[in-house]
Amino acid sequence: MKNQRIEAGLSRAIGKITPDVYSKVATAPIKKMVAHDHITAPSITPAKTSYRLQLATVFAVFAVVIGVFIGWTQFFQTFGIVDLDVNPSIELSINRQNRVISAKALNLDGVQILSGMNLKYSKLENAIDAILGSMISNGYLTSPDDAMLVTVLMEEEVKAEQLENTVILRVNQFFPPDSTPVVYTQSLRDTQEIKSKAGEYQISRGVMNLIEIIQQEYPDYTIDQLVEMPVRQLYELAYRDDDEQDRQDDLDEQDGDGEFDELYDDNQDELDEDENGELDDQEDLDMDDDVDETDDTSGDDSVDGDNNEIGDDDFDDTSDDNGDNNDDDDVENNDDIDDDD
Amino acid sequence: MLLFAIINNQPPIIDKFQIDENLIHRIGHDDPIAFSEFYRLTQKTIFSYILSLVLNPNDAEDIMQDTYLKIRSAAHLYEPQGKPMAWVFTIARNLSFMHIRSHNNIAEKGFEDFENDSIFSKIMDQEDKIILENLLRNLEETERSVILLHAVSGFKHREIAKNLGMPLATVLSKYHRGLGKLRKSINLQKGGR
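My aim in this report is to walk through the structure given alongside it, one point at a time. Along each chain, residue indices are assigned from 1 in the same order as the chain's sequence is written. By the order in which they are written, chains take letters starting at A while ligands take numbers starting at 1. Where totals are concerned, whole chains, interfaces and linings use all residues; where local detail is concerned, this predicted model gives features only for residues with pLDDT of at least 70, and gives and counts side-chain atom pairs only at 80 or more. By convention in this description, side-chain values take in all heavy atoms of the structure and omit both hydrogens and water.

1. Details of the overall build of chain A
A tally of regular secondary structure across chain A gives 13 helices and five strands. Sorting the 341 residues of chain A into buried and exposed places 29% on the buried side. Taking as baseline every contact in chain A between residues at least 6 positions apart, the subset at least 24 positions apart corresponds to 48%. Per-residue accessibility takes into account occlusion by the displayed protein chains alone, with areas from the Shrake-Rupley method and a 1.4 Å probe. Total accessible area on chain A stands at roughly 22,500 Å², and carbon and sulfur atoms take up 47% of it. Strands are runs of DSSP state E lasting at least 2 residues, helices are runs of H or I lasting at least 4, and numbering of each runs from the N terminus. Burial status follows relative accessibility: with a 1.4 Å probe on protein chains alone, a residue under 20% of its type maximum counts as buried, one over 50% as exposed, and anything between as partly exposed. Residues count as neighbours in contact if any of their non-hydrogen atoms are within 4.5 Å of one another.

Right, dumping it as structure tokens:
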């Protein structure tokens, strides 16, 4: 017997025996319940899924969570900070892929630079190009005498150095060779202390670092004074001793007595004019009488102006001692002839 | 037609089984039309379900009454969950189990009087009677419930699973196994006669 037939028979049978209690239940007085009791309380439990499916679901959710977390740390988490200080001060937060997560102006001039710009998720190189372009449009970095401070704040030193080089390279690529501004760089570890201090004075962490270095050496400078200084002056103040030490080291490698230093300073211009950088005092060479420089095209000093070899007495004019304009040797020959008479 | 039916104390006949939560909500506000619509839609379904549990049609009738009265009493407390019939089956099941417990689990005993029960005698078609008898006699509780609901209410297996709070796989399994047992027992009974 087919299922359909069975079910049809059941439906008919139930239809026959189902009582009609409508009249009893429709109008019977009832008491409205205040709350569900153990009979009416909904107690539908969800259907159980198989253990394997549950386990697979757990693993899948876990994998998704891990994936999202990794993606988030790779893309959205700040891996380093790049501060650009000219007079406008700009801070770029970047992720592991050197993409900009956020760009922040640290002073009013910086606000003007970033105005209308959306650098989010752009490559660092492109962001730098955009910022440099904006700076030039606003009158900054228009001279090779202008300076820019690049500060990289990152935990990993190797990566920080790579980032410094990336920024420097990009700046050099941006400007024509004869108008590239001076770029000062420094790497720092980002600390809450420097962040707070910098925030207090509304300056970048890079500038704050320079100020702290200067104050250690020159405590008479106040922060308010230093904050107003241009970047170039700050950097030179902060690292001046280092530059002088480097210079002394160079000198010590030469002779150490200072004479070279004087020579270096006095003759530097003259020396710079010479392409080879070697001394070339032609006047000294001209004092050599044995050589007529105008005919000595070969540079060989062995012939005189008549193309005679030097040292050949037969042609030595200086042998005419008696003044008859004849070679004395010839006179000696004549004497021999006279003897024959 | 609806007005005529109400005047004659006969609820209208509505073929399509469509219970939405708005109906329960209206019953909670003592809407008589809503209750009459609800009754006609669910009458056979609720009776067959209760019968599958208690096996005695007389007891099933009493429990069916209690179920509808309970629905009227608690409809205003129902919170929409997208499964109004699941709530109705919960009430019917709880009342049925209370009845079985109070009668010392003698549901099976009630079935022994199938041949002599006046209610079952209303089934005129012999084959239909055999089918119902074999279902009630030879199948286990869940198999009975699933097959009856599928046959009487037109619920799909997925809907039965949702309304009874059972996995779909279980419903399908019980359905096919139950039908197999039913076919076998029917054939045996027919062959024995």
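On we go.
2. Details of the nonpolar core
By convention a nonpolar core is built from buried Ala, Val, Leu, Ile, Met, Phe, Trp, Tyr and Cys residues, the set being connected through side-chain atoms within 4.5 Å. Core analysis: the largest hydrophobic core is formed by 70 residues, its most contacted members being L10 and I17 of chain A together with F38, L132 and L182 of chain B. Looking at which element gives the most residues to this core, the answer is helix α3 (residues 32-54) of chain B, with twelve residues. Setting aside chain neighbours within four positions, we find L10 of chain A in contact with I131, L132, L135, I147, L148, A151 and L182 of chain B. L92, A127, A160 and F175 of chain A belong to the second largest nonpolar core, which has 28 residues in total.

3. Examining the interface of chain A and chain B
At the junction of the two partners, chain A supplies 43 residues and chain B supplies 64 residues. Summed over both partners, the interface of chain A with chain B buries about 4,500 Å², with 64% contributed by carbon and sulfur atoms. Note on definitions: salt bridges are taken to be side-chain nitrogens of Lys or Arg within 4 Å of carboxyl oxygens of Asp or Glu. At the junction of chain A with chain B, the criterion picks out six salt bridges. Notably, a salt bridge pairs E127 of chain B with R5 of chain A, separated by 2.5 Å at the nearest N-O pair. In the analysis that follows, any N or O atom pair within 3.5 Å is treated as a polar contact, provided that within protein one partner can donate a hydrogen and the other can accept it, and provided that, for residues neighboring in sequence, both atoms belong to side chains. For the interface between chain A and chain B, the tally reads 22 residue pairs in polar contact (both at pLDDT 80 or more). If you list the elements that add at least two residues to the side of chain A that touches chain B, you get α1 (3-17) and α2 (22-26) of chain A. By residue number, the principal contributor to the side of chain A that touches chain B is α1 of chain A, which donates 13 residues. For the side of chain A that touches chain B, the per-class residue count stands at 21 nonpolar, twelve polar and ten charged. Accessible area, probed at 1.4 Å, shrinks when two parts are joined; the buried area is that loss added up over both. All amino acids are sorted into three groups, where Ala, Val, Leu, Ile, Met, Phe, Trp, Tyr, Cys and Pro are nonpolar, Asp, Glu, Lys and Arg are charged, and the leftover types, Gly among them, are polar.

4. Quick look at a nonpolar patch on the surface
Residues and elements named next belong to chain A. To count toward a patch, a residue needs a relative accessible area above 30% and no salt bridge. Like charges then connect within 9 Å, nonpolar side chains (Val, Leu, Ile, Met, Phe, Trp, Tyr) within 5 Å. Together, F62, I66, F69, I70, W72, F76 and Y121 make up an exposed nonpolar region whose accessible area comes to about 710 Å². Note on placement: I66 falls in helix α3 (residues 51-76). For I66, a relative accessible area of 35% translates into the label partly exposed.

5. Thoughts on the pattern of salt bridges
Residues and elements named next belong to chain A. According to the stated counting rule, one finds 16 salt bridges over all chains in the structure shown. Two residues, E212 and K197, come together in a salt bridge whose shortest N-O distance is 3.1 Å. Here K197 lies in helix α7 (residues 192-201) and E212 lies in helix α8 (residues 205-217), a separation of 15 residues in the sequence. Since its relative accessible area comes to 32%, K197 is described here as partly exposed. Salt bridges sharing common partners tie together E91, K104 and R205.

6. Some remarks on the side chain of H157 of chain B
With respect to the helices and strands, H157 of chain B occurs in helix α9 (residues 157-164). Beyond its immediate stretch of four places on either side in the chain, H157 of chain B contacts H150, L168, V171, L172 and Y175 of chain B.

7. A look at the pairing of strand β2 (residues 89-94) of chain A
All names here are of chain A. The buried fraction of β2 amounts to six of the six residues, a majority that puts the element mostly inside the structure. Residues S89, E91 and S93 point to one face of β2 and I90, L92 and I94 to the other, with burial holding for every one of them. Relative to β2, strand β1 (residues 80-85) is paired through six bridges, and the arrangement is antiparallel. Opposite L84, over in β2, you have I90 as the bridge partner. Any two strands with at least two DSSP bridges between them are considered paired. Two elements, β2 and strand β3 (residues 100-105), share five bridges in a ladder whose sense is antiparallel. In the sheet register, E91 faces β3, and the bridge partner there is K104. Between the end of β2 and the start of β3, which pair antiparallel, lie five residues, with N98 showing a positive phi angle near 55 degrees.

8. Observations concerning helix α4 (residues 57-74) of chain B
Residues and elements named next belong to chain B. In this scheme, a helix's expected span is set at 1.5 Å multiplied by one less than its residue total. Spanning 18 residues, α4 covers 25 Å between terminal C-alpha atoms, matching the ideal 26 Å at 1.5 Å per step. Among the 18 residues in α4, 13 count as buried, and that is most of the element. Between a side-chain oxygen at the N-terminus of α4 and the backbone nitrogen of N58 the separation is 2.8 Å; the capping residue is N56.

9. Let's talk about the packing of α1 of chain A against helix α7 (residues 126-138) of chain B
The angle between two axes is taken between their N-to-C directions and runs from 0 to 180 degrees, where each axis is a line fitted to C-alpha atoms and a helix contributes only its stretch in contact. Where α1 of chain A contacts α7 of chain B, the two axes come as close as 8 Å, and the packing angle between them is 95 degrees. Classified by the interaxial angle, the pair formed by α1 of chain A and α7 of chain B is roughly perpendicular. Taken together, the residues of α7 of chain B that come into contact with α1 of chain A (itself represented by R5, I6, G9, L10, R12, A13, I14 and I17 of chain A) are E127, D128, I131, L132 and L135 of chain B. In the contact of α1 of chain A with α7 of chain B, the residues fall into eight nonpolar, one polar and four charged. Oblique is the label for any angle not under 35 degrees, not over 145, and not in the 65 to 115 range, which are roughly parallel, roughly antiparallel and roughly perpendicular in turn.

10. Overview of the layout of surface pockets
Residues and elements named next belong to chain A. Definitions used throughout: a 1 Å grid over protein atoms alone; a cavity as a set of points that fits a 1.4 Å probe which cannot get out; a pocket as an open set with protein on both sides within 12 Å along at least five of seven lines; a lining residue as one with an atom within 4 Å of a point. Grid points are joined across faces, edges and corners, and a volume is the space filled by probe spheres set on the points. One number sums up the size of the second largest pocket: a volume of about 300 Å³. As for the second largest pocket, its lining consists of 17 residues, of which N87, N107, I203, V227 and M229 are closest to the centre. Looking at the lining of the second largest pocket residue by residue, the classes come out as nine nonpolar, five polar and three charged.

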